[in-house]
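Results of the structural survey
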Amino acid sequence: EIIMGKKKKTRCGEEKVMRKAFLTVGFSGLSPIAPGTVGSFVSLILAILLLQVLPSSSIFLLSILITVIAVKQINIYEEQVGAHDGKEIVIDELAGMWLAFTISGATQNNWLILAILSFVFFRLFDIWKPSIIGTIDAKVKGGWGVMGDDIVAGIIAGLCASATNVLIINYL
């Protein structure tokens, strides 16, 4: 682009790299094997690390903020690549995994069992896509379609992880 006889520098290349880094959660979504599972695992590790310095409620709120940002960035990315919900996009796994982990009741003192339960339940619901999760995945387009099914899967997974943890504590 030329403005007043001078070439204007564009940051298009940098923006694309930053967008891809964000949407692929540090490029973990580029894994050739099970990118959704790899992205979920990397996201869980990040949540566990954050839990050492932030309360669970802050991680919950960060997941909401990331979701809002991701919707816009996914819309831009999908327009650029011409495809919906590419396997490399795993920011939806981050949001869903963080919701599952925080809703489960994870704290600095009990995070290990809840991390395992949250991960297992989140992957189960994200892959299986029962009920409304599958409906959102199939019918909602754009960024909200990519993020929506994982948000609902994360909420349900967090509730299941919490309930399972209560059962384990009380009956095992």
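Higher on the page you've got the structure.
Numbers given to residues run from 1 along each chain, matching the order in which its sequence is written. Under the rules for a predicted model, residues below a pLDDT of 70 receive no local features and side-chain atom pairs below 80 are neither given nor counted, while totals for whole chains, interfaces and linings still include all residues. As a convention, hydrogens and water are excluded, and side-chain values are obtained from all of the structure's heavy atoms.

1. Looking at the pattern of salt bridges
Spelled out, the test is: Salt bridge, as applied in this entry: a Lys or Arg side-chain nitrogen positioned within 4 Å of an Asp or Glu carboxyl oxygen. Helix and strand assignments come from DSSP, with helices taken as H or I runs of at least 4 residues and strands as E runs of at least 2, each series counted from the N terminus. The classification of residues rests on relative accessible area computed with a 1.4 Å probe and restricted to protein chains. Under 20% of the type maximum is buried, over 50% is exposed, and intermediate values are partly exposed.
Overall, the coordinates contain four salt bridges when judged by the stated rule. A salt bridge links arginine 123 to glutamate 93; the nearest nitrogen and oxygen atoms lie 3.8 Å apart. With arginine 123 in helix H5 (residues 111-128) and glutamate 93 in helix H4 (residues 91-103), this residue pair connects regions lying 30 residues apart in the sequence. For lysine 129, the salt bridge is made with aspartate 149, and the minimal N-O distance between the two is 2.8 Å. Of this pair, lysine 129 sits in the loop between H5 and helix H6 (131-139) while aspartate 149 sits in helix H7 (residues 142-171), and the two are 20 residues apart along the sequence. Using a relative accessible area of 23% as the deciding quantity, one classes lysine 129 as partly exposed. Linked through salt bridges whose partners overlap, the residues forming this network are Glu93, Arg123, Asp126, Lys129 and Asp149.

2. Focus on the packing of aromatic side chains
Selection rule: In this analysis, rings of Phe, Tyr and Trp, with Trp reduced to its six-membered ring, are considered paired at centre separations within 6.5 Å, and the interplanar angle assigns stacked below 30 degrees, edge-to-face beyond 60, and tilted for intermediate values.
Tallied over the full model, the rule gives three aromatic pairs. Between phenylalanine 121 and phenylalanine 125, the aromatic rings sit 6.3 Å apart at their centres with planes inclined by 15°, giving stacked as the arrangement. You can see phenylalanine 121 and its partner phenylalanine 125 sitting in helix H5, four residues apart, about one turn around the helix. Taking relative accessible area as the criterion, phenylalanine 121 reaches 18% and is therefore assigned buried.

3. A look at the packing of H6 against H7
When two helices pack together, their arrangement is captured by the angle between the axes and the distance separating the axes. What counts here: For every element, the axis is a line fit to its C-alpha atoms; helices are fit only across the contacting stretch, and the angle between N-to-C directions ranges from 0 to 180 degrees. When describing relative orientation, an angle under 35 degrees is termed roughly parallel and one over 145 degrees roughly antiparallel, while 65 to 115 degrees is termed roughly perpendicular and anything else oblique. Contacts were defined at the residue level, with two residues in contact if any of their heavy atoms lie within 4.5 Å. Amino acids are sorted into nonpolar (Ala, Val, Leu, Ile, Met, Phe, Trp, Tyr, Cys and Pro), charged (Asp, Glu, Lys and Arg) and polar (every other residue, Gly among them).
Where H6 meets H7, the axes come as close as 7 Å, and the angle between the chain directions of the two elements is 170°. Taken as axis vectors, H6 and H7 run roughly antiparallel relative to one another. On the side of H6, the interface is formed by Ile132, Ile133, Ile136 and Asp137, while H7 contributes Gly145, Gly148, Asp149, Val152, Ala153 and Ile156. Of the residues assigned to the contact of H6 with H7, the class counts are six nonpolar, two polar and two charged.

4. Looking at the nonpolar core
Applicable threshold: By nonpolar core we mean a set of buried residues, namely Ala, Val, Leu, Ile, Met, Phe, Trp, Tyr and Cys, connected to one another through side-chain atoms within 4.5 Å.
Counting residues in hydrophobic clusters, the biggest one holds 37 residues, and the most contacted among them are Leu44, Ile74, Ile91, Phe101 and Met147. Broken down by secondary-structure element, the contributors of at least two residues to this core are helix H2 (35-51), helix H3 (56-81), H4, H5 and H7. If one sorts the elements of this core by residue count, H4 sits on top with eight residues. If sequence neighbours within four positions are ignored, methionine 147 has contacts with Thr67, Ala70, Val71, Ile74, Ile91, Asp92 and Ala95.

5. Considerations on the environment of isoleucine 168
One can find isoleucine 168 in helix H7. Judged by its relative accessible area of 29%, isoleucine 168 is partly exposed. On a C-alpha basis, the gap between isoleucine 168 and alanine 106 in space is 15 Å, while along the polypeptide they are 62 residues apart. In contact with isoleucine 168, other than residues within four places in its own chain, are Ile113 and Leu117.

6. Section: the packing of H4 against H7
We apply this condition: Two helices cross in a left-handed way if the nearer one is turned anticlockwise from the farther one by less than a right angle. They cross in a right-handed way if the turn is clockwise.
At a closest axis distance of 7 Å, the pairing of H4 and H7 adopts a crossing angle of 25°. What the angle tells us is that H4 and H7 run roughly parallel. In the crossing of H4 with H7, the sense of the turn from one axis to the other is right-handed. Where H4 abuts H7, its residues Ile91, Asp92, Glu93, Ala95, Gly96, Leu99, Ala100 and Ile103 lie against Val146, Met147, Asp150, Ile151, Gly154, Ile155, Ala157, Gly158, Leu159 and Ser162. Considered class by class, the residues forming the contact of H4 with H7 number 11 nonpolar, four polar and three charged.

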